[in-house]
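Chain residues, written in single-letter form:
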Protein chains: 2
Amino acid sequence: MDLTIQSARKVAAKVDGLFSAQGDDFETVAVNALEVCFEGIPGDFHAGLTRRSGSREPWYPRGTEMRNERQLTILSRAELGEAASQMGIDSIEPEWIGGNLTLAGIPMLSMLPAGTLMFFAGGATLKVDFQNAPCRLSGKTIARNVGREGDVALALSFVSSAKRRRGLTAWVEKPGRIELGETVELRLPEQWIYPPE
Amino acid sequence: MDLTIQSARKVAAKVDGLFSAQGDDFETVAVNALEVCFEGIPGDFHAGLTRRSGSREPWYPRGTEMRNERQLTILSRAELGEAASQMGIDSIEPEWIGGNLTLAGIPMLSMLPAGTLMFFAGGATLKVDFQNAPCRLSGKTIARNVGREGDVALALSFVSSAKRRRGLTAWVEKPGRIELGETVELRLPEQWIYPPE
């Protein structure tokens, strides 16, 4: 075996923002607690055991029913700050781009590996699907929120500025209640590159 | 960013075995086709949108309801052959250790990364959760099947001999019918080691 294997490891973090999208819009609103169940956040725009495929799954006809691995979006305020600075704006708020949860204390949050488990002190567990990819739709929402609706160049700049900074998508492994300020223990799985380079 | 990132890649494979456990036992029986749905294989020992935690999840009290990411077990006959040879027996059959599917044509199948998508020609899609870990229970079943029931040393030797050769667990991303001899296209996601070493 020529693979270099990195053992499973633990990392600690803290919940510094919670948000939910309880309407027809993917933008979220700050809340003090989130109840999560196997469907995700009940009533949320992204809730469901399954979802319809879109442009992120070019291998399926649009609208194909598939397992919903994108129930929650997890962001880092530090990464959003870096993206904002690169776009030449003051900030990007998690609500504008559909964030459900912000975590503090993890450098390069968006680079956490698939399968990372997030054990919340209150008992809920989320499991990371993968790094999220920034899209033009989020860029448009940001432009509108900074009072520059219709600024196509600004909207587009989100795609490059937020690359590898747009957080993670995750699903609920174990239901529970997540509260603002709660601590989280992350368990990163063993890792290796396949095949060896 | 100091991470070396390996791009997403495609790999081709072929289904050379299909099996189902339609009883109370985790051992499987060969079949010519498998219908898979969001619950996994209907009626199978491991079917379900959720499951009860066990010794693989020491962080939960045993029996905790959690999302079922272990709906199917995918094996490689080549890897099983290597494990058998190390145990000093002629073969390990996929049925003995609860295999649902064997794939041919992929070296080191067990090392495929979490999140690998398996697109079956007939329309079903499976998504890899993670490498499976060999346990003593499977070792006992192997000992019984080779006519050495109660041979504790043989049973135990499976744990070390099948390490990183015990295949993958996966769940159904898109339902469909999988047939023997079918081709599969695998899509390995982007990969990197977090944090950089």
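As a starting point, this report considers the structure included with it.

**As for the overall build of chain A**
Stage number 1. Secondary structure summary: chain A contains 3 helices and 12 strands in total.
Stage number 2. For chain A, the C-alpha radius of gyration of 17 Å lies close to 16 Å, the compact-globule estimate for 197 residues.
Stage number 3. Principal-axis analysis of the C-alpha atoms places the extent of chain A at approximately 50 × 40 × 40 Å.
Stage number 4. Looking at chain A alone, contacts between residues at least 24 apart form 71% of all its contacts between residues at least 6 apart.
Stage number 5. Taken as a whole, chain A presents about 8,300 Å² of accessible surface, with 50% of it coming from carbon and sulfur.
Stage number 6. In chain A, 22 side chains carry a positive charge and 25 a negative one; their mean positions are 3 Å apart.

**Notes on helix H3 (residues 152–161) of chain B**
All names here are of chain B.
Stage number 1. Among the residues of H3, Leu154, Ala155, Ser157, Phe158 and Ser161 are the ones counted as buried. The buried side chains of H3 occupy one side of the element, clustering within an arc of 155 degrees when seen end-on. Of the exposed residues in H3, the ones pointing more than 90 degrees away from its buried face are Val152, Ala153 and Ser160.
Stage number 2. On the buried face of H3, the contacting elements are helix H1 (77–87) and helix H2 (136–145).

**A word on the environment of A:Arg67**
Stage number 1. With respect to the helices and strands, A:Arg67 occurs in strand S5 (residues 65–67).
Stage number 2. Relative accessible area serves as the criterion here: at 4%, A:Arg67 is assigned to the buried category.
Stage number 3. Separated by 14 residues in the primary sequence, A:Arg67 and A:Ser53 have C-alpha atoms spaced 9.3 Å apart.
Stage number 4. The residues touching A:Arg67, leaving out its near neighbours within four places in the chain, are A:Leu49, A:Thr50, A:Arg51, B:Phe38, B:Leu49, B:Arg67, B:Asn68, B:Gln71, B:Trp171, B:Val172 and B:Glu173.
Stage number 5. Looking at A:Arg67, its side chain comes within polar contact range of the main-chain oxygen of B:Phe38, at 3.4 Å.

**A short note on the interface of chain B and chain A**
Stage number 1. Each partner contributes to the interface: chain B provides 50 residues, whereas chain A provides 50 residues.
Stage number 2. Area buried by chain B at its contact with chain A is led by B:Arg67, B:Trp192 and B:Tyr194, which between them contribute 21% of it.
Stage number 3. Our count for the contact surface shared by chain B and chain A stands at 4 salt bridges.
Stage number 4. Its salt-bridge partner being B:Arg164, residue A:Glu190 comes within 2.6 Å of it at the nearest N-O pair.
Stage number 5. In this assembly, chain B and chain A are joined by 21 residue pairs in polar contact (both at pLDDT 80 or more).
Stage number 6. At the level of elements, strand S5 (65–67), strand S8 (117–120), strand S9 (125–131), strand S10 (168–174) and strand S12 (183–188) of chain B are the ones that each hand at least two residues to the side of chain B that touches chain A.

**Remarks on the packing of aromatic side chains**
Aromatic rings considered in pairs are described by the distance between their centres and by the relative angle of their planes.
Stage number 1. Summed over all chains, the structure comprises 7 aromatic pairs over all chains.
Stage number 2. Considering the side-chain rings of A:Tyr60 and B:Phe119, the 6.0 Å spacing of their centres and the 75 degrees angle between planes classify their relative orientation as edge-to-face. One end of the pair, A:Tyr60, is in the loop between strand S4 (50–52) and S5; the other, B:Phe119, is in strand S8, on a second chain.
Stage number 3. For B:Phe119, a relative accessible area of 15% puts it in the buried group.
Stage number 4. Through a chain of ring-to-ring contacts, the aromatic side chains of A:Trp59, A:Tyr60 and B:Phe119 assemble into a single cluster.

**Topic: a nonpolar patch on the surface**
Residue and element names in this part refer to chain A.
Stage number 1. Taken together, the side chains of Val152, Leu156 and Val159 make up a nonpolar region of the molecular surface, amounting to roughly 230 Å² of accessible area.
Stage number 2. You can see Val152 is positioned in helix H3 (residues 152–161).
Stage number 3. When its relative accessible area of 56% is taken as the criterion, Val152 is described as exposed.

**Notes on empty space enclosed by the protein**
Stage number 1. The tally for this structure, following the rule as stated, stands at 2 cavities of 30 Å³ or more.
Stage number 2. In this structure, the largest cavity spans a volume of roughly 240 Å³.
Stage number 3. Looking at the largest cavity, it is lined by 18 residues, and the ones nearest its centre are A:Pro113, A:Gln191, B:Pro113, B:Ala114 and B:Gln191.
Stage number 4. Residues belonging to the lining of the largest cavity are distributed by class as follows: 13 nonpolar, 3 polar and 2 charged.
Stage number 5. Considered as a void within the structure, the second largest cavity measures approximately 40 Å³ in volume.
Stage number 6. Every residue along the wall of the second largest cavity is listed here: A:Arg67, A:Glu69, A:Trp171, B:Arg67, B:Glu69 and B:Trp171.
Stage number 7. Tallied by class, the residues present in the lining of the second largest cavity amount to 2 nonpolar, no polar and 4 charged.

About the thresholds
Residues numbered from 1 in each chain as written. Chains lettered and ligands numbered in written order. Predicted model: local features only at pLDDT ≥ 70, side-chain atom pairs only at ≥ 80, totals over all residues. Heavy atoms only, no water. Helix = DSSP H or I, 4+ residues; strand = E, 2+ residues; numbered from the N terminus. Rg over C-alpha atoms; globule rule 2.2 N^0.38 Å. Contact = heavy atoms within 4.5 Å. Areas by Shrake-Rupley, 256 points an atom, 1.4 Å probe, with all protein chains shown as cover. Lys, Arg positive; Asp, Glu negative; His and termini not counted. Charge placed at Lys NZ, Arg CZ, Asp CG, Glu CD. Buried < 20%, exposed > 50% of the residue type's maximum accessible area, 1.4 Å probe, protein only. Arc of directions from axis to C-beta. Polar contact = N/O pair within 3.5 Å; in protein donor to acceptor, adjacent residues only side chain to side chain. Buried area = accessible area lost by both parts, 1.4 Å probe. Salt bridge = Lys/Arg side-chain N within 4 Å of Asp/Glu carboxyl O. Phe/Tyr/Trp six-rings, centres within 6.5 Å; stacked < 30°, edge-to-face > 60°. Patch = residues over 30% accessible without salt bridge, like charges linked within 9 Å, V, L, I, M, F, W, Y side chains within 5 Å. 1 Å grid on protein atoms, 1.4 Å probe; cavity = no way out; pocket = protein on both sides within 12 Å on 5 of 7 lines; lining within 4 Å. Points joined across faces, edges and corners; volume = space filled by probe spheres on them. Nonpolar A, V, L, I, M, F, W, Y, C, P; charged D, E, K, R; others polar.

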